[in-house]
Amino acid sequence: MTGLNPRQLEAVHYTAGPLLVLAGAGSGKTRVITRKIAHLIDQGGISPRHICALTFTNKAAREMRERVGSRIKGAETRGLTISTFHTLGLDMLRRHPERAGLRPRFSLLDAQDAEALIKEHLRHTKGGDAFSPAAIQHRISRWKNDLVDPAQAESLAEDDFEARLAGFYADYERSLRAYNAVDFDDLILGPARMLAEHPELRETWQGRIRYLLVDEYQDTNGAQYDLVRRLVGPRAAFTVVGDDDQSIYAWRGARPENLARLQTDYPHLKVIMLEQNYRSSATILGLANTLIANNPHVFEKRLWSEHGPGEPPRVLHCKDEGHEAEQVVSEILHLKFAEGADFGDIAILYRGNHQARPFEKALREHNVPYVLSGGTSFFARAEVKDLMAYLRLIANPQDDAAFLRIVNTPRREIGPTTLEKLANYAREREIHLLDACGEIGLGEHLSERQRERLHAFTALVSEHARRGETDPVGTMRALVETIDYAAWLRENASSQAVADRRYANITDLLDWLGALKKGELQEKTLAEMATLLTLMDVMERQDEDEGGDRVSLMTLHAAKGLEFPHVFLVGMEEELLPHRTSIEEETIEEERRLAYVGITRAQRTLTFTLTRRRKRYGEWVTSEPSRFLAELPKDQLRWDNARDETPENRKARGLSHLHALKGMLDVD
DNA sequence: ATCACGAGGATTTTT
DNA sequence: TCCTCGTGAT
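Chains are numbered independently. Their residues run from 1 in the order of the written sequence. Here chains are named by letter from A upward and ligands by number from 1 upward, in the order in which they appear as written. Given that this is a predicted model, residues contribute local features only at a pLDDT of at least 70 and side-chain atom pairs are listed and counted only at 80 or more, while totals for whole chains, interfaces and linings are drawn from all residues. By convention in this description, side-chain values take in all heavy atoms of the structure and omit both hydrogens and water.

Q: For the overall build of chain A, give the residues involved together with the corresponding values.
A: Secondary structure elements are defined from DSSP: runs of H or I of at least 4 residues count as helices, runs of E of at least 2 residues count as strands, and each element is numbered from the N terminus. Looking only at helices and strands, one finds 30 helices and 19 strands in chain A. With the radius of gyration taken over C-alpha atoms, the globule rule is written as 2.2 Å times the number of residues to the power 0.38. Taken over the C-alpha trace, chain A has a radius of gyration of 27 Å; the compact-globule value for 668 residues is 26 Å, and the two agree within 12%. Taking the principal axes of its C-alpha atoms as reference, chain A extends roughly 85 × 60 × 55 Å. The buried share of chain A, taken over its 668 residues, is 53%. Contacts: residue pairs with any heavy atoms within 4.5 Å of one another. The long-range share in chain A, meaning contacts at least 24 apart out of those at least 6 apart in sequence, stands at 78%. Carbon and sulfur atoms make up 50% of the accessible area of chain A, which totals about 30600 Å². To sort residues, take the accessible area from a 1.4 Å probe on protein chains only and compare it with the maximum for the residue type: under 20% means buried, over 50% means exposed, and anything in between is partly exposed. Surface accessibility in these figures is a Shrake-Rupley result with a 1.4 Å probe; residues are shielded only by whichever protein chains are displayed.

Q: Can you break down the pairing of strand β14 (residues 551–555) residue by residue, with the values?
A: Among the five residues in β14, five count as buried, and that is most of the element. Covered by surrounding structure in β14 are V551, L553 and T555 together with S552 and M554, the residues of both alternating faces. Two strands are said to pair when DSSP picks up at least two bridges between them. Both strand β12 (residues 346–350) and β14 contribute to a ladder of four bridges, which runs parallel. By the bridge assignment, I348 is partnered in β14 with L553. By the bridge criterion, three bridges tie strand β13 (residues 370–372) to β14 in an arrangement that is parallel. When the sheet's bridge partners are listed, Y370 is paired in β14 with V551.

Q: With reference to specific residues and values, describe the nonpolar core.
A: F403, L422, F457 and M476 are the most contacted members of the largest nonpolar core, which totals 49 residues. At nine residues, the largest contribution of residues to this core is made by helix α16 (residues 382–395). Ignoring anything within four residues of it in the chain, the contact list for L422 reads F403, L433, A436, C437, L442 and L454. In this structure, L93, L102, V228 and L231 belong to the second largest nonpolar core, which totals 41 residues. What makes a nonpolar core is a set of buried Ala, Val, Leu, Ile, Met, Phe, Trp, Tyr and Cys residues whose side-chain atoms join them at distances within 4.5 Å.

Q: Just give me the short version of the sheet that holds β14, but keep the residues and values in it.
A: With parallel pairing, seven strands are arranged side by side in an open sheet as β13-β14-β12-β15-β16-β11-β19. A single partner strand is all that each edge strand has here, and the edge strands are β13 and β19 (638–639). Together, β12, β13 and β14 form the strand contacts of helix α15 (residues 356–365), whose direction differs from that of β13 by roughly 160°. To get an axis, fit a line to the C-alpha atoms, keeping to the stretch in contact for a helix; angles then go from 0 to 180 degrees between the N-to-C directions.

Q: Go over the domain arrangement of chain A, please, and point to the residues and values.
A: Domain annotation for chain A reports domain 1 (6–93 + 191–274), domain 2 (107–179), domain 3 (304–369 + 549–666) and domain 4 (379–543). Domain ranges listed in this record stem from an automatic or a database domain assignment. On a C-alpha basis, the centres of domain 2 and domain 4 stand 26 Å from each other. With 10 residues of domain 2 at the contact, the number on the domain 4 side is 14 residues. Buried area: the accessible surface (1.4 Å probe) lost by two parts on joining, summed over both. Summed over both sides, the interface between domain 2 and domain 4 buries roughly 1100 Å², with carbon and sulfur atoms accounting for 52% of that surface. Per-residue buried area on domain 2 facing domain 4 is highest for S107, L108 and Y179; these three make up 51% of the total on that side. Any Lys or Arg side-chain nitrogen located within 4 Å of an Asp or Glu carboxyl oxygen qualifies as a salt bridge. Here domain 2 is connected to domain 4 by three salt bridges.

Q: Go over the packing of aromatic side chains, please, and point to the residues and values.
A: Whether two aromatic rings pair depends on their centres lying within 6.5 Å, for rings of Phe, Tyr and Trp, where Trp uses its six-membered ring; planes under 30 degrees apart make the pair stacked, over 60 edge-to-face, and the rest tilted. All told, the structure shown has six aromatic pairs when counted by the stated rule. Each ring, one from F56 and one from F85, has its centre 5.2 Å from the other, and the planes form 45°; the classification is tilted. With a gap of 29 residues between them, F56 in the loop between β2 (51–55) and α3 (58–71) and F85 in helix α4 (residues 85–95) connect regions that are remote in the sequence. You can call F85 buried: its relative accessible area is 1%.

Q: Could you give an account of helix α18 (residues 416–429), with specific residues and numbers?
A: Here a helix's expected span is defined as the number of its residues, less one, multiplied by 1.5 Å. Between its terminal C-alpha atoms α18 stretches 20 Å, which fits the 20 Å expected from 14 residues at 1.5 Å a residue. Buried residues along α18 sit against α17 (400–406), α19 (433–436) and α20 (448–468). Once α18 finishes, E430 follows within two positions and takes phi at roughly 55°, a positive value.

Q: Before we move on, can you summarise the UniProt feature "binding site: ATP" (unreviewed entry) in chain A with the specific residues and values?
A: As recorded in UniProt, the feature "binding site: ATP" (unreviewed entry) lies at A23, G24, A25, G26, S27, G28, K29, T30 and R279. In summary, the annotated positions, though distributed over 257 residues, converge in three dimensions, the widest C-alpha pair being only 13.6 Å. Mapped onto the elements of the fold, A23 is located in strand β1 (residues 19–23). If near-sequence neighbours (up to four positions away) are discounted, A23 is found in contact with K29, V241, G242, D243, Q246 and L274. In this structure, T30 sits in helix α2 (residues 29–42). UniProt positions are given in the numbering used here, feature names are shortened, and annotations may be inferred rather than shown by experiment.

Q: How would you sum up the protein's contact with DNA strand B? Please name residues and give values.
A: Each residue is tested against the molecule or strand, and it is near if at least one of its non-hydrogen atoms lies within 4 Å. By nearness alone, 22 residues border DNA strand B, and R252, R351, N353, L535 and T555 come closest of all. Between DNA strand B and T555 there is a distance of 2.7 Å, counted from a phosphate oxygen to a side-chain nitrogen or oxygen. Residue Y617 places a side-chain N or O atom 3.5 Å away from a phosphate oxygen belonging to DNA strand B. Note that Gly is not counted as nonpolar here; it falls among the polar residues with everything else outside the nonpolar set of Ala, Val, Leu, Ile, Met, Phe, Trp, Tyr, Cys and Pro and the charged set of Asp, Glu, Lys and Arg. The residue inventory of the surface near DNA strand B, partitioned by class, reads six nonpolar, 10 polar and six charged. For the purposes of these results, a polar contact is taken to be a pair of N or O atoms within 3.5 Å, where, inside protein, one atom must be able to donate a hydrogen and its partner to accept one; residues adjacent in sequence count only when each atom of the pair is a side-chain atom.

Q: Tell me about α16, residues and numbers included.
A: With 14 residues, α16 extends 20 Å from end C-alpha to end C-alpha; this agrees with the ideal 20 Å at 1.5 Å per step. Most of α16 sits out of view: 13 of its 14 residues are buried.

Q: So what's going on with the pairing of strand β16 (residues 602–611)? Residues and values would help.
A: Of all 10 residues in β16, nine are buried, a share of seventy percent or more. Looking at chain direction, strand β15 (residues 564–569) and β16 are connected through five bridges and run parallel. By the bridge assignment, L569 is partnered in β16 with F608.

Q: Just give me the short version of the packing of α4 against helix α11 (residues 222–232), but keep the residues and values in it.
A: Here α4 crosses α11 at 60°, and the two axes come no closer than 12 Å. Classified by the angle their axes make, α4 and α11 are oblique. Crossing handedness for the pair α4 and α11: left-handed. From α4, F85, H86, L88 and M92 reach across to α11, where they touch Q224, L227, V228 and L231. Of the residues belonging to the contact of α4 with α11, the class tally is six nonpolar, two polar and no charged. Put simply, angles under 35 degrees are roughly parallel, angles over 145 are roughly antiparallel, angles from 65 to 115 are roughly perpendicular, and the rest are oblique. Take the far helix as the reference: if the near one is turned anticlockwise from it by less than a right angle, the crossing is left-handed, and if turned clockwise, right-handed.

Spelled out as structure tokens, the structure:
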């Protein structure tokens, strides 16, 4: 156990009972988790099959797997579970679907699908258009995260509005059950309930998971807390690692108080604090500490560093957002050409995605390569969702939501009128849409022509379902050909280039399915593929492929867990950071944590920027400096615009033009 | 069915 | 201001 400090070592070695590791930013928490897994296997005498480590993102799980893999020989990690909460939940549901009121081959709906379902329901409800589908979905999600079922939601409702929402929740749940489908929240809630209600399942899972580790524990919600509690059982052999100061997902249902709650639920809980920071200069760390001291704390911790003071953090007060972007790019060019930094060492962090625009423009103008993270994810694209819907319907004929999405995609001349009649018929008979298409009784409501069209569609689905049993990926490829999806994309795209790009997404997805099939996750059925794919994001992989020496642009949320030698924290203004709605809703503390996360991303240099005025929704608004700037120690900050018109800057600009020229030559 | 226009909304978004 | 979604006219 080399290369660990005493606190880290203690955290790795302590296996006598429940353990909470409060790991400050940059204190080496992932290192502790991976080392601990190795320790449990090597010295703890626990078989890898009985160890489970949970993360929130696929990326974190993948990285952890890699790091454990490089510590221990492959054979010795066999059976080790390192997965996201949701993947574990999916696995549990798949093993005992009937215990969660599901049949095998259930569908998994993502947030978009769920919203579409609610929208559809609202359309058929009197006065439904007064409600926002997104708001309803959010409310339902919150209920589920708090382990509240529709009946409880109804009885807890304090006013008509809430009661109405609870009603939608009940309808929504009924639809999901009818479709043999679950949403993301059910992947946690379902298993938690399952364990609560079935002692023998509890025994099975507690026997299987003898040691549980959880990363980013501050981000767990109520349902996740419950699931963890039931998984570890009375033996409580677990290590959770988290940092209350980096809790930035409360708005999404995360409950940072779960950290403190552990102390009440497990009186013997051991708490270890990791306070040595290996990332930032002492000055940067000092700023972070001072800022976060303004938040109330259950656990007092103070990060320290062996690093020297380093460069003083700076504040650039700019005229407007255009000027702000210019200044930052000018600084970046200075870092690159005068200080020898790589573009890849630099990040621009902001509160909201819309802030990226002026920076993109300025970076492009100066020919600085950049990566923008965020935007529409791979699985949110219409063409991918279409193919996923085919996959879902083929696997689970009861998935009416999938049916509705693709029954007329590509065009089969099955219009809204036909579907309306079909839906009415299906509802009366209490059968699913796909089954209804083949019924003789439909003849009374629909013309021969329409029935033929519907029938052709069911034939297509059942034919592929049959072939899908033996060759899932080949079947999906064949399907794309049969329906001539490429042609449909061409018809609907504004240009050939767009159509090509969309089709490329389809081939990517198919290739990915093929790789999945061959790899470790082999022998997947169509149903398993569909659910698993919904939990993954292929885009992650593409990001890695492109790599390269580029400046990173991302939101503060997206930056959590990352570090950069040079960080620009832009838009340090009231109503931006802290965000306006957070001021109104008085959730300033989370905004402060957001600023804290931003500051602690920086290793060597940190530059804040703010503007005097900013265009908001088309109007110029004067901006006020963020209260967080005022909370920082004045003597540790350098307020200046010095670089603006110095000879240095002119030199950097000159170099940027040279760079631009060189870039053009390289392209040709 | 397809386009064009207008209203409304415009944080963050691990799964 | 600008983008997205839904509607209404062709």
